[in-house]
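Residues per chain are reported as follows:
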Amino acid sequence: MEEDRAVTVPTPIGQLDYRLPQAGRIRTGQKVSARSGKMAPKALKHFRFTSGERSLLEPLAERYGGTIKPFNEPGSGDKWMVDTNANVIDVIVPVPKAYTLSYELWHPHLIRRCNGNTCELLQDTPDGSEIVERPCICAQEGELECSAKMRVSLLLPNMPTLGTWRWDTSSDNAVKEIRGVIKALHDWVGAGLHPCKMRIEERRQPSKVFKVVVLDPGISVESLVAGDARLVQLPAPSSPAVAALGAGASSVTRPTSTPEAGEPMAGGARG
């Protein structure tokens, strides 16, 4: 009796994914050594840009200040960084498809990604590791282990490239508010390229002080009512595949399997 084999069929040409190349990353956090000896996230006070091309950071250093230095974060393809003096930068947001959002579990590399219904995870098989799909594990076990992860791909003005700059966040406030701004621009203004300010904002609660990144379109209600529309719509950024993300790096879009950044995950999934 022959073994059942998965049948792979080609995706129709018209349904193939497409995207602009990624020029670099916008970063608002870093990993530092904690008292426990493990690496822990720490918010930055100013924006950091990283890229594989030093020349792409030169206009950013000139505009926002800072010195270009080598960047050596494990799992990142970027080789250069500039820590700017700015907590506000100019960005251009491709509305409505500026971001992807999914639930993810890291331990310490990416174990699985889920849209709340279907989960993609890396499993060991006799023939090696492969990505498999199954129903949402958190829902089946009645416990939320994954965290929401949003990746926003933006354009930067006055740059010698059409490449996008990706910013990642797991902040609940940022996920809700940035999605809210993008939805408002789409619903009230329309699809297109929307210039915005991206700002690191300090907020206070009785028990803590924390930082949140916000998008500010800088337009009035009157402009929204008048339909202050932009010109061009760009494709949504693709989430990197489960096997393509290295360590360190709601309504949920279905995850794709298109690699975008990071080194392949070492080994297979572990329980």
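Reading guide: rules and limits
- Residues numbered from 1 in each chain as written.
- Predicted model: local features only at pLDDT ≥ 70, side-chain atom pairs only at ≥ 80, totals over all residues.
- Heavy atoms only, no water.
- Helix = DSSP H or I, 4+ residues; strand = E, 2+ residues; numbered from the N terminus.
- Buried < 20%, exposed > 50% of the residue type's maximum accessible area, 1.4 Å probe, protein only.
- Pairing = 2+ DSSP bridges.
- Axes fitted to C-alpha atoms, helices over the stretch in contact; angles between N-to-C directions.
- Contact = heavy atoms within 4.5 Å.
- Polar contact = N/O pair within 3.5 Å; in protein donor to acceptor, adjacent residues only side chain to side chain.
- Arc of directions from axis to C-beta.
- Core = buried A, V, L, I, M, F, W, Y, C linked by side-chain atoms within 4.5 Å.
- Phe/Tyr/Trp six-rings, centres within 6.5 Å; stacked < 30°, edge-to-face > 60°.
- Lys NZ or Arg CZ within 6 Å of the ring centre and 35° of its normal.

1. So, the environment of P135
Stage number 1. Examined against the element boundaries, P135 turns out to sit in strand β9 (residues 128-135).
Stage number 2. Residue P135 is classed as partly exposed on the basis of its relative accessible area, which comes to 47%.
Stage number 3. For the pair formed by P135 and T118, sequence separation is 17 residues and the distance between their alpha carbons is 4.7 Å.

2. Regarding the sheet that holds strand β5 (residues 88-95)
Through backbone hydrogen bonds, the strands of a sheet pair up, either in parallel or in antiparallel fashion.
Stage number 1. Strands sit in the order β5-β12-β13 across an open sheet of 3 strands; the sheet is antiparallel. The sheet terminates laterally at β5 and β13 (208-216), the two strands that pair on one side only. The average angle at which neighbouring strand axes cross in this sheet is 30 degrees, direction not considered.
Stage number 2. With 9 bridges joining them, strand β12 (residues 192-205) and β13 adopt antiparallel strand pairing. Counterpart to Q205 in the pairing with β13 is K208.
Stage number 3. Packing of helix α3 (residues 172-188) onto the sheet brings it into contact with β5, β12 and β13, and relative to β13 it is tilted by some 20 degrees.

3. Focus: the environment of S170
Stage number 1. For S170, the position within the fold is in the loop between β11 (164-169) and α3.
Stage number 2. Residue classification places S170 among the partly exposed positions, given a relative accessible area of 46%.
Stage number 3. In the structure, S170 is positioned 19 residues away from R151 in sequence and 9.0 Å away in space, judged by C-alpha atoms.
Stage number 4. Among all residues touching S170, those that are not within four sequence positions of it are A148 and K149.
Stage number 5. Engagement of the side chain of S170 in a polar contact is seen with the backbone oxygen of A148, the distance being 3.5 Å.

4. Section: helix α1 (residues 54-64)
Stage number 1. Those residues of α1 that sit buried are L56, L57, L60, A61 and Y64. The arc enclosing the buried residues of α1, seen along the axis, measures out at 135 degrees, which places them on a common side.
Stage number 2. Looking one or two residues beyond α1, the residue adopting positive phi is G65, at roughly 85 degrees.

5. Topic: the nonpolar core
Stage number 1. Counting residues in hydrophobic clusters, the biggest one holds 53 residues, and the most contacted among them are I26, F49, W165 and M198.
Stage number 2. Counting residues per element, this core draws most heavily on α3, at 6 residues.
Stage number 3. For I26, the contacting residues outside a window of four places in its chain are F47, R48, F49, I89, L154, L156, W165, R166, W167 and M198.

6. Things to note about the environment of E73
Stage number 1. Structurally, E73 can be placed in the loop between β3 (68-70) and β4 (80-83).
Stage number 2. Sequence spacing of E73 and Q30 is 43 residues, and the spatial spacing of their C-alpha atoms is 9.5 Å.

7. Describing the packing of aromatic side chains
Stage number 1. Tallied over the entire structure, the rule returns 2 aromatic pairs.
Stage number 2. Ring geometry for F49 versus Y64: centroids 6.2 Å apart, planes at 20 degrees, classification stacked. Here F49, found in strand β2 (residues 39-51), pairs with Y64, found in helix α1; they are 15 residues apart in sequence, far enough to count as distant.
Stage number 3. Classification of F49 as buried rests on a relative accessible area of 0%.
Stage number 4. Plain terms: the ring middles of F49 and W165 are 6.0 Å apart, the flat faces sit at 90 degrees to each other, and that makes the pair edge-to-face. Of this pair, F49 sits in strand β2 while W165 sits in strand β11, placing them 116 residues apart in sequence. In terms of burial, F49 and W165 fall into one category: buried.
Stage number 5. The positively charged end of R54 is found above the aromatic ring belonging to W80, 5.5 Å away from the centroid.
Stage number 6. The ring of F210 has K208 lying over it, and the distance from NZ or CZ to the ring centre is 5.3 Å.

8. Thoughts on unusual backbone geometry
Stage number 1. The amide bond that connects V95 to the next residue, P96, takes the cis arrangement and shows omega of 10 degrees.
Stage number 2. For N158, which is not glycine, the phi dihedral falls at a positive 60 degrees.
Stage number 3. With respect to the element layout, N158 can be found in the loop between β10 (147-154) and β11.
Stage number 4. Classification of N158 by relative accessible area gives exposed; the value is 70%.

Geometry only, nothing functional implied.
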